[in-house]
Every structure is written in C-alpha cells, then in structure tokens.
Amino acid sequence: MVASGGKHCWCRAVKQITKSNFSAALQQIKAHIKDADFIAVSSQKTGDLSASSSHRYPWRRVLPIDVPETAYLKAKLAAETFELLQFAVCPFRFQGSKLVAFPYNFHLFPRDELNLGMPSYSFSCQSSFLTSMAREGFDFNVSIYDGISYLSRAQESIAKERTPTPLVYSSSSSPTPSVADSIFIGRIKSRVEHWRNACKDSRNMTDGSLAKSLRKLILGGEVYGSRPSLSIDVCSDRQVQLTLETVTHISDDLVPLVVLDKSVGPKSVRVVLTSSEEDKHLLMSEIQNLEEEQNLKVRGFREVIDLISSSHKPIIAYNCLHDFTFIHSKFISPLPPSLNEFMCSLRLVFSNIVDVNHLLKEIGPLRKAKNLPAALSYLKRQFFVPIDMEIPQPADGNSNKNHGHNVLRITRVFAKLSILLKIVPDCQTSLGRHTMAIEEYANIFYPTSNSVQETEADDVDFHMDNVRKISTDELIFMWGFRGGTSAAELKSHLRQTHFVFTEDFELRLVDNTCAVVVFQKSGSAEALLKEIGSGKTNSTAPSKMLSEGLKAAGYETYKKVCRLGLWEAELADSLESVTSDSSGDVVISSGEDASDIYWSSESMIDLNDL
C-alpha cells in the first residue's frame, strides 16, 4: 500500500502496463473501474501544437483569440498529426476524507498486429517531445516492441471483415429443399456418417500409422485441436444452411463450425466430433475463448476505453478539448468537421466528462493558474483541504521513472476542488456537506493552449491579471507589413494611416507575417473593414494602407482559414488565399455571428521566444 507523501512515491505507485502484462491488468482495472466514483485520464503524445517553439507555424496552436470552433479545428489537426505513446487511467473513490486511487499507465504503439495497415501507417513526432521523454527515462524500445496496439471502433468493423474466425452457427428452418438441394443433402449426409462411423470404430484404434494416414487421406479427415474434424467445402450461404441442418440431425456429438473467407464469405463448414457431452461443452468454451482472444487482439488497448465508456462513470481530465480529440480520433472514429458534431459523437460514448480546467475557473484566483503544479501549490497554501491519497496496489518495481503520474496530479486537484465546490458524490455523507451534481460541471470544454507537462517543477505559474472579455467583432487581422517589423513599430506606423488607429487599441504579432489588432472602441473594426471593402479614398484612409501593401480581414476570414484547413502556410498567406478566392470581398461578421473571447496580450505569442 502506498500513501501520498512525495512525487517519487507517486511515480512508483503508477502501475506500468505493456503488451506482456496487459491481459492480467485488464481484469484488475475492470474491477477497479466498477468500484470507482470517478476515472481520471491523461496521456503522453509524440507532439503538441500548443508548443509554439516546436513548429514553424506558431499560429496553429490554440491562441487566446480562438473561439471554441477554431480551437476544436486546431485540436483536430493535432490529433490527426501526432500519436499517443502513453495513456494513464486512474479509477478512484472517496472514503470519508480519504481518496483511494488505482493508477495505471499503459504504454501504447500503433503496431499493425493483423497486417491490415491499421491503426496507422505513419505519424509525426516533435523532437522537443521525444527529447523530454528520453530525459525522463522513457524506453522507446519498450514502446515499439512491447507497446499495446489498438484499433478504433470504426477500424475494428473493417478488421473483422478481413480477419474471420471459425463461428458456431445455429441452424434454423429453411424452405422446402429443391431437387438440387436434396442431392447435396444426401451427399453430405453420406460423407459425414461414413466419416463419423470410421472415427467411432474401435478396431481402427489399433491400426498402424500408415493405415491411419491412408484412411485420413481417403476420408478427408483432419484434426481440430485434439478432436477429429472434417471440412466440407461450400459455395453459397444456402449450402451452409443445408450443411448445418444436416449435421445437427445426424448426431448430437457433432459440432459444425463455419469457416469464413476474408473476401467471399463462407468458405467451408468444419465438422468436429466430440467424445461426450462434457467434451462438447468444453469445445464450445474453447471457441468462445478463441473469439474473445481474437477480439482482444483486434481492440487492444481500446478494450480499456470501452470499459470506461460502459461504466458511465464521470471522467476527469485536464484540457479536455485537446485530450478527447485524440481519444475520439484514435479509439472511436475519424473526427467530424465541426465542434457540435464532435460533442454529439463524444456524448454517445462518454456521458460525463469533467474538465479540471473548468473547475479551476470556478475559484477566483485559480482562474489564472497555467498548469496543475501551480494549482496544487496554490491550493496547498491557501486552503485547508483535509484529504489524503491512498494507493492500495503494491508499488511497481519497474516504475522508477516518472511515467504517467500526471493522472495522479489530476486526481488530487479534482479531489480538492470537488470538496471546495461541494461536488463530492452524494454517498459520502461523512463529509457533512450538501453536494452538487457532477453533471453541473460536465461536458464544458474551455479552449486553452496550456498543456499538462511531465515536469518535476512545482513552481507557481499564473496568467497575467489583465484578462478581459472582448467580442470578435472588435478584432481584425493585418498583414503585408515588412518582415522583421516589431509590434511596437507596426502599432506606431498604423496610427498614421487611418483615424480608427488614433483611438486606443492593442496589437500583437500572431506570427512573423500577421498581427491581430483589438480595438477598445466599439465599431472601429467594422468601420475600417467597410472602408476597405468599399474602396473609398481620402488622405488618411485605406488608400494609404493599400498602397503600402497592408491588408486587413475580420474574424470570419480567420474562421474560414481554419475550416478549410489551410494550415501549411504562414497565416498571412492563408488569409490572402481566402480573400483572393472571395474576389476581394471583405467579410464582415454580423452581431449574431460574433463570439466572446478572453483577451490577454501577455498570453499571445512572443516571437522572441520562437
């Protein structure tokens, strides 16, 4: 048993699961999920677009200017680009003021176990992520050679069509046989009875090996395991049905199995001879186990995802929009094109998902916490939350590296927040507090560029204070300025080009080619875009901007760039492509299309860090 006492204790407490011990762990986690109140999850990926320094197009990360729809499209891009190498699952429950947790860390690799080209032909890696994982002692050989593979639900349907296994078909009544059917039935009945009688004849037991081989050659007999069997070729589903009916009427000790071809359906019917009723039950059990083994081989780690889904327990995660686009893409089906479709599809699989990032925003000062260590540190200093974590399963001797312990951080933060917000399960009456339904906080995903990092640092890291809510109607994108221009230089220059820039406004560079401008005065962005679209000219208006090559577009143009997936370019080039296709029309969003974002200039990209 392990009690919480330090981060090294946490590391050893996380049970490491690979292909070699997956089957045994599956039975354990199944029981723990059944007894749990909640299930925390986290993952380790081969890359992440939220790391601005790790990609040549930093605007593709989720930015403070992103609304939920554009944030989803960026998360979708990341999920379709990178791969999961670790997935941590921690079923936990409350016992009074104690938290009982069972953390597991599954090592994954998208290996083509069935030679079907699935789950993945290729995926991308970011060197910074691989370097960080190697520094933490991650064994890439274990991942590649002993990592657990998986197929999504959509891929499983394809795989089952391509990898058939022997199936036990129950016979049912069929139409009156035709003349051709009668001839076929007579031939099958004669052959099966002759073969069965030969197998049952005790005198054949004393024959030598040569005689047995000749008899096997003449009768066409085979062996299924240790039992005699006979294969009957069939050409149609009708012949399959007739063969099943005929065999079941001959004797109760015969078990017919339909052998499927990978492409053309039923290939043959294999008739297995059992020695007794007990032996027949044993055979049926063996076939069922074979099917289960095949299903496990096909599903792989997705078996764990299905256990979580079928449990209907609330799932706790951090930065859910990011994590669950990966989960949907890898384990369910390809991601849909819009956020609404994604949320609907996700709800069909996971009924209640709670984002710790959303809970943090329910407590004033924690709204500014940028990561889990910061939140834990603040909670420890500012709130007295009497809760201890207990991990009953023995420490894993192979867990001397810090793999997967972020799931325990998520668990601890959620436990403390649930007590502060009074959302501990109703069954925990010993806490003596009125609780709120977990559904009140479920399925609310905040777009965020913050990611959970496997770090030893516990330093507090908070956002700046000057976060304010603005409408996307008051925001424009500008490009066409000279390369190397700083934000301060561009802002100073714009004040001389148009009267709207004489009012107070903020400007930050999104990348080296494009800037975002946020106006303080309502209507300024719309006025500028209308003048650009109308082509009006005066001494200080758009003519001067256009002559200098400066261009501007509203937020709807940016959303269209994201919808079209124009990711492989600088933002200015993508915006230019969209505006050119629109025949120069400037798209101005109506008030109904506008969305609110939480703007902080300090949280935008600092190009000096790139």
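Quick caveat: nothing in here was measured; it's all calculated off a predicted structure. (Residues numbered from 1 in each chain as written. Predicted model: local features only at pLDDT ≥ 70, side-chain atom pairs only at ≥ 80, totals over all residues. Heavy atoms only, no water.)

Enquirer: How should I be thinking about the overall build of the protein in this particular structure?
Expert: Across its full length, the protein carries 21 helices and 20 strands. Taken across its 610 residues, the protein has 51% of its residues classed as buried. (Helix = DSSP H or I, 4+ residues; strand = E, 2+ residues; numbered from the N terminus. Buried < 20%, exposed > 50% of the residue type's maximum accessible area, 1.4 Å probe, protein only.)

Enquirer: Sorry, what's going on with the nonpolar core here?
Expert: Grouped together as the largest cluster of nonpolar side chains are 75 residues, with contacts concentrated most on Phe-87, Phe-106, Phe-301, Phe-324, Phe-342, Phe-350 and Phe-477. Ranked by the residues each element gives to this core, the list is headed by helix H3 (residues 68-81), at seven residues. Counting residues domain by domain, this core receives three or more from each of domain 1 (15-47 + 82-150 + 300-441) and domain 3 (469-582 + 602-606). One finds Ile-316, Tyr-318, Leu-366 and Leu-379 within the second-largest nonpolar core, a separate group that totals 42 residues. (Core = buried A, V, L, I, M, F, W, Y, C linked by side-chain atoms within 4.5 Å. Domains from an automatic or database assignment.)

Enquirer: When you look at the side chain of Thr-274 in this model, what are you seeing that I'm missing?
Expert: Locating Thr-274 in the fold gives a position in the loop between strand S11 (265-273) and helix H10 (277-299). Within polar-contact distance, the side chain of Thr-274 engages the backbone oxygen of Asp-253 at 2.8 Å. Among all residues touching Thr-274, those that are not within four sequence positions of it are Lys-200, Arg-227, Asp-253, Val-255, Asp-279, Lys-280 and Leu-283. (Polar contact = N/O pair within 3.5 Å; in protein donor to acceptor, adjacent residues only side chain to side chain. Contact = heavy atoms within 4.5 Å.)

Enquirer: Got a minute to help me understand the pairing of strand S3 (residues 38-45) in this structure?
Expert: Here is the key point about a regular strand: its side chains alternate between the two faces of the sheet. Burial of S3 is extensive: seven of the eight residues sit out of reach of the surface. Summarising the sheet, S3 and strand S4 (residues 84-95) pair through eight bridges and their orientation is antiparallel. From the neighbouring strand, Val-41 faces S4, where its bridge partner is Val-89. Pairing geometry for S3 and strand S12 (residues 315-317), over two bridges, is parallel. Within the sheet, the bridge partner assigned to Ala-40 lies in S12 and is Ile-316. (Pairing = 2+ DSSP bridges.)

Enquirer: What should I look at first to understand the packing of aromatic side chains in this one?
Expert: Two aromatic rings are characterised by how far apart their centres lie and by the angle between their planes. According to the stated counting rule, one finds 25 aromatic pairs in the structure shown. Ring geometry for Phe-106 versus Phe-301: centroids 5.0 Å apart, planes at 55°, classification tilted. With a gap of 195 residues between them, Phe-106 in strand S6 (residues 104-107) and Phe-301 in the loop between H10 and helix H11 (302-311) connect regions that are remote in the sequence. Phe-301 shares its class with Phe-106; the two are buried. Following the ring pairs from residue to residue traces out a cluster consisting of Phe-22, Phe-87, Tyr-104, Phe-106, Tyr-150, Phe-301 and Phe-331. In this arrangement the basic side chain of Lys-45 is found over the ring face of Phe-326, its NZ or CZ atom lying 5.2 Å from the centre. Geometry around Phe-505 places Lys-491 over its ring, the cationic atom sitting 5.2 Å from the centre. (Phe/Tyr/Trp six-rings, centres within 6.5 Å; stacked < 30°, edge-to-face > 60°. Lys NZ or Arg CZ within 6 Å of the ring centre and 35° of its normal.)

Enquirer: What's the story with the pattern of salt bridges in this structure? I'm lost.
Expert: Where charged atoms of side chains with opposite charge meet at close range, the side chains can pair. Here the structure, examined in full by the defined rule, presents 18 salt bridges. With a closest N to O distance of 2.9 Å, Lys-74 and Asp-66 form a salt bridge. The exposure class assigned to Lys-74 is buried, which follows from its relative accessible area of 2%. A salt bridge links Asp-279 to Arg-227; the nearest nitrogen and oxygen atoms lie 2.9 Å apart. Pair noted here: Asp-279 is in helix H10 and Arg-227 is in strand S9 (residues 227-233), with a separation of 52 residues, a long-range link. Judged on exposure class, the residue Asp-279 and its partner Arg-227 are both buried. Taken together, the shared-partner salt bridges connect Arg-153, Glu-156, Arg-299, Arg-302, Glu-303 and Asp-306 into one network. (Salt bridge = Lys/Arg side-chain N within 4 Å of Asp/Glu carboxyl O.)

Enquirer: Where do I start with the sheet that holds strand S18 (residues 514-519) in this structure?
Expert: Either a parallel or an antiparallel arrangement is found when strands of a sheet pair, and the pairing is made through backbone hydrogen bonds. Overall, antiparallel pairing links the four strands, which are arranged S17-S18-S16-S19 in an open sheet. Both outer strands of the open sheet, strand S17 (505-509) and strand S19 (551-554), are each paired with one neighbouring strand and no more. Sheet twist, expressed as the mean angle between neighbouring strand axes with direction ignored, is 25°. Bridge analysis of S17 against S18 gives five bridges, and the strand direction is antiparallel. Within the sheet, the bridge partner assigned to Glu-506 lies in S18 and is Val-518. Of the strands in this sheet, strand S16 (475-479), S17 and S18 touch helix H17 (residues 487-494), which is tilted by about 140° from S17. Sheet strands touched by helix H21 (residues 571-581): S16, S18 and S19. Its angle to S16, the strand with the most contacts, is close to 105°. (Axes fitted to C-alpha atoms, helices over the stretch in contact; angles between N-to-C directions.)

Enquirer: Looking at this structure, how should I read the environment of Met-284?
Expert: Assignment of secondary structure puts Met-284 in helix H10. Through-space distance from the C-alpha of Met-284 to that of Val-255 is 8.6 Å; in sequence the pair is 29 residues apart.

Enquirer: Can you walk me through unusual backbone geometry in this structure?
Expert: Glycine aside, negative phi is the norm for most residues, and most peptide bonds take the trans geometry. The backbone of His-312 shows a phi angle near 60°, a positive value even though the residue is not glycine. Tracing the backbone shows His-312 in the loop between H11 and S12.

Enquirer: Looking at this structure, how should I read H10?
Expert: One turn of the α-helix equals 3.6 residues, which is why residues spaced by three or four share an orientation. An ideal rise of 1.5 Å per residue puts 33 Å on 23 residues; H10 measures up with 33 Å between its terminal C-alpha atoms. Of the residues trailing H10, Gly-300 is marked for its positive phi of about 60°. (Expected span 1.5 Å × (residues − 1).)

Enquirer: Hey, could you run me through the packing of H3 against helix H12 (residues 320-331) in this one?
Expert: For any two helices packed against each other, the geometry is given by the interaxial angle and the distance between the axes. Orientation of H3 relative to H12, taken along the N-to-C sense of each, is 50°, at an axis distance of 9 Å. Comparing the axis directions of H3 and H12 gives the class oblique. Between H3 and H12 lies a crossing whose hand is right-handed. In this structure, H3 contributes Ala-71, Tyr-72, Ala-75, Lys-76, Ala-78 and Ala-79 to the contact, and H12 contributes Leu-321, His-322, Thr-325, Phe-326, Ser-329 and Lys-330. Classifying every residue of the contact of H3 with H12 by side-chain character gives seven nonpolar, three polar and two charged. (Parallel < 35°, antiparallel > 145°, perpendicular 65-115°, else oblique. Left-handed = near helix turned anticlockwise from the far one by under 90°. Nonpolar A, V, L, I, M, F, W, Y, C, P; charged D, E, K, R; others polar.)

Enquirer: How should the confidence of the model for the protein be read in this particular structure?
Expert: In low-pLDDT segments, the atomic positions of the prediction should not be examined closely. In the predicted model, the protein carries a mean pLDDT of 79, and 75% of its residues have values of at least 70. This stretch, residues 426-433, has a pLDDT under 50; its non-local contacts, to residues over four places away or in other chains, come to 10 contacts. (pLDDT = per-residue confidence, 0-100.)

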